[in-house]
Amino acid sequence: MGSLGAVPDAANRERAGERAEQLRDAIARHDERYYAHDDPEISDAEYDELVRELLAIEEAFPDLAVAGSPSSRVGAAPSATFAPVVHRVPMTSLDNAMDAGELAAWGERVAKGLGGAAARFTCEPKIDGLAVSLRYERGELVQAATRGDGRTGEDVTANVRTIAAVPRRIAVPDGSPTPDVLEVRGEVFMPIASFERLRAAKVRENEERAAAGRKPEPLPVNPRNAGAGSLRQKDPRVTASRDLSFWAYQLGEVVGAPAFPSHDESLRWLASLGFPVNPEVRVVGSMDDVAAYCRHWEPRRHELGYEIDGVVVKVDDLAQRAALGFTSRAPRWAIAVKFAPEERNTVLRAIEVSIGRTGRATPYAVLEPVFVGGSTVSMATLHNREQVAAKDVRPGDTVVVRKAGDVIPEVVGPVLSLRPEGLPAWEFPAACPCDLRTPLVQAEGEADTRCVEPQCPFQRDQRIIHFASRGAMDIEGLGEKTVFALSDAGFVVDPGDLYSLTAGQLLQLEGFAEISAQNLVASIGRSRERPLAKLLVALGIKHLGPSASEALASEFGSLKAIVDAPAERLAEVEGVGEVIAASVTRWFESPANRTFVDKLRLAGVRLDVVERSTLEQTLAGRTIVVTGTVPGWSREGAEAAVKQRGGKATGSVSAKTDALVVGEAPGASKVTKAAELGVRVVPGEQFEDLLAGRIL
Ligand code: IVH
């Protein structure tokens, strides 16, 4: 994206003119794909960037602005499938604020526009759906229309009538008159749960298609597109099957209804008439509070059951709104504060497979690096063979990449309209990518494809990385890169070799100096004293996770006692069970594994360290869930404290939960669940009372 100098000289002007032309063409093309076909090629954020660049040019060179420029238009002309509807009150778009600075600048413009008078603001989640206008005449829903280009939309009445959240008749409270005309504006959207059901159903359909030798159909990529596509169906029965929903957020044309002094009051009135109004709407008294509302929701956007892409801020007082008025594109009294985008398009350069410590071959996407969801993403897992086939992503495709909050990045699917002609489908490699080139096998009925060669150097490296990891032997300073270097140099073949490493050897590796080499040797040495439970995790026995390891360690006290115990005895331990017990027994039966354990023992690794809690077992038999931050405690620390007192610390609230400890910034879903199930809720400040046994 070319940036233009601030000084508008002739050469700049010419370049700007050409660029504006290009941008207008591109915007028109993307409008068409987005509004008329519900199949955008670029993400909303990328589209916004194009529009903003065009606006910047038109601002610097006002004579370059042409009538009907996309910068002054909203959306696209309606398609031929639906009858046109002319909006009596135009459905304008909103200006965007991309960061706190732009939001503050809007606040200043509003203050100036109001001659310095104080204002109150309504803050609303910005629903990422499809704007519609609902027209009620004498209480009856007579027409529903999309926004279209802001002046003319599409008649989607039959489809909107299938949405349960949209009242067909207004429920006027006793005694109040039914308005002659009431136009309610709001957003039709697909709740995330509905989207996931739809996507899962499509995946199943594709499996059936594949079995019948038919081509898969593209999967829905996100709730917005799926929602828009569902609303704009020729057959309302299809819309009805998609579980769409609706939030009302604005009045349009109104005849024969009370006049309201504020937006907030109009929303309350709408709610009283039976319209769904978002419960997170707040009225605040200052721009600082507006900014705080935005800061609150950006990290919590995933706690809602629907997608939001920002916050809409509106001047609440309707007389003040009238005084502020509109620009050619949008009201001056409202602004859309956009969150950082969580979806971007990028090019899939290649699909490669990585080999895990158990030999599992996991395909992953190598991407043209793209900034999304707050970080640069250049790789994303594709899970397994079936996932690649289901998504039908091919090297060379433009793909949608999504990174939501802390969630690991995901390739959602290809943008089929941008697929180069004749692009071949990807084939799972036949051999392990390591030098041994062992054939990869997929066992009957298993989702995973594996390298079954235990000597595979990739598996070996991964076993060492796992051994040294935080939840296992916790060897500080032994990261992936060092393991690869040690393995390349031939210094370590299995984790047991770590204990004979010398600082002199480490100094031969790139990036090590005297101090760092000695530090690593020391932290390897310290790991000899790790508790038995952690050592069990480090061994990497199939199915044996941290909590079963903990249970075995505290029950048996030493590795020898575990090895000597028959499988039935292991299975009796609470939290172990038959599958884990059988796997543990089988692991210790292997001569290679026994030799490995001997090697660790001879290297001085302790096989019998068990930390016994000397604390009173005040929470014995109790299951506790901690959500949010308990003042003075880290999450791990709080959970460990529960365990040290005999309690179980779990991650989700169920009927078995004895108490939910609610710290700062708790997960809303956990609190709701606890309320539903009648689980006792303990405020974070009382956590220590809980530990002391004074609450349960
Ligand atoms: S008010 C003149 N409120 O965002 C005011 N819009 O970027 C009209 N949207 O066209 C819109 N949530 O499709 C408003 N709480 C909300 C909204 C909202 C989502 C959408 C709507 C609008 C677009 C503007």
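Before reading further, recall that the structure is shown in the block above.
Attention now moves to the overall build of the protein chain. Counting its secondary structure elements, the protein chain contains 24 helices and 22 strands. Based on the C-alpha atoms only, the size of the protein chain along its principal axes is roughly 85 × 65 × 60 Å. Classification of the 696 residues of the protein chain by burial places 47% in the buried group. Within the protein chain, counting contacts between residues at least 6 apart in sequence, those at least 24 apart form 66% of the total. Counting every atom, the protein chain has about 34200 Å² of accessible surface; 51% of that belongs to carbon and sulfur. Of the side-chain charges in the protein chain, 82 are positive and 98 negative, and the distance between the mean point of each set is 2 Å.

Before going further, it helps to examine the site of the ligand. Taken together, 14 residues lie near the ligand, and E124, I127, R147, E187 and Y249 sit nearest. At 3.1 Å, a side-chain N or O of K126 approaches an oxygen atom of the ligand. Within the contact set of the ligand, an oxygen atom lies 2.4 Å away from a side-chain nitrogen or oxygen of R147. Alone, the ligand offers 520 Å² of accessible surface; in the complex the protein occludes 90% of this. Secondary structure elements with two or more residues in the shell around the ligand: β3 (121–127) and β10 (308–315).

Let us look at the packing of helix α12 (residues 457–468) against helix α13 (residues 480–488). Two elements in contact, α12 and α13, have axes whose closest approach is 10 Å; the angle formed by their N-to-C orientations is 135 degrees. Compared by their axis directions, α12 and α13 come out oblique. α12 and α13 meet at a crossing whose hand is right-handed. Here D461, Q462, I464 and I465 of α12 lie close against α13, whose contacting residues are E480, V483, F484 and S487. Tallied by class, residues from the contact of α12 with α13 come to four nonpolar, two polar and two charged.

We now examine the sheet that holds strand β2 (residues 96–97). Taken in spatial order, the five strands make up an open sheet running β2-β11-β10-β3-β9, and their pairing is mixed. The open sheet has two free edges, formed respectively by β2 and β9 (282–284), since each of these has just one partner strand. Where β3 and β10 come together, seven bridges link them in antiparallel fashion. Its bridge partner lying in β10, C123 is registered against V313. In this fold helix α9 (residues 287–297) packs onto β3, β9, β10 and β11 (334–338), with an angle of close to 20 degrees to the strand it touches most, β3.

Calculation criteria
Residues numbered from 1 in each chain as written. Predicted model: local features only at pLDDT ≥ 70, side-chain atom pairs only at ≥ 80, totals over all residues. Heavy atoms only, no water. Helix = DSSP H or I, 4+ residues; strand = E, 2+ residues; numbered from the N terminus. Buried < 20%, exposed > 50% of the residue type's maximum accessible area, 1.4 Å probe, protein only. Contact = heavy atoms within 4.5 Å. Areas by Shrake-Rupley, 256 points an atom, 1.4 Å probe, with all protein chains shown as cover. Lys, Arg positive; Asp, Glu negative; His and termini not counted. Charge placed at Lys NZ, Arg CZ, Asp CG, Glu CD. Near = heavy atom within 4 Å. Polar contact = N/O pair within 3.5 Å; in protein donor to acceptor, adjacent residues only side chain to side chain. Axes fitted to C-alpha atoms, helices over the stretch in contact; angles between N-to-C directions. Parallel < 35°, antiparallel > 145°, perpendicular 65-115°, else oblique. Left-handed = near helix turned anticlockwise from the far one by under 90°. Nonpolar A, V, L, I, M, F, W, Y, C, P; charged D, E, K, R; others polar. Pairing = 2+ DSSP bridges.

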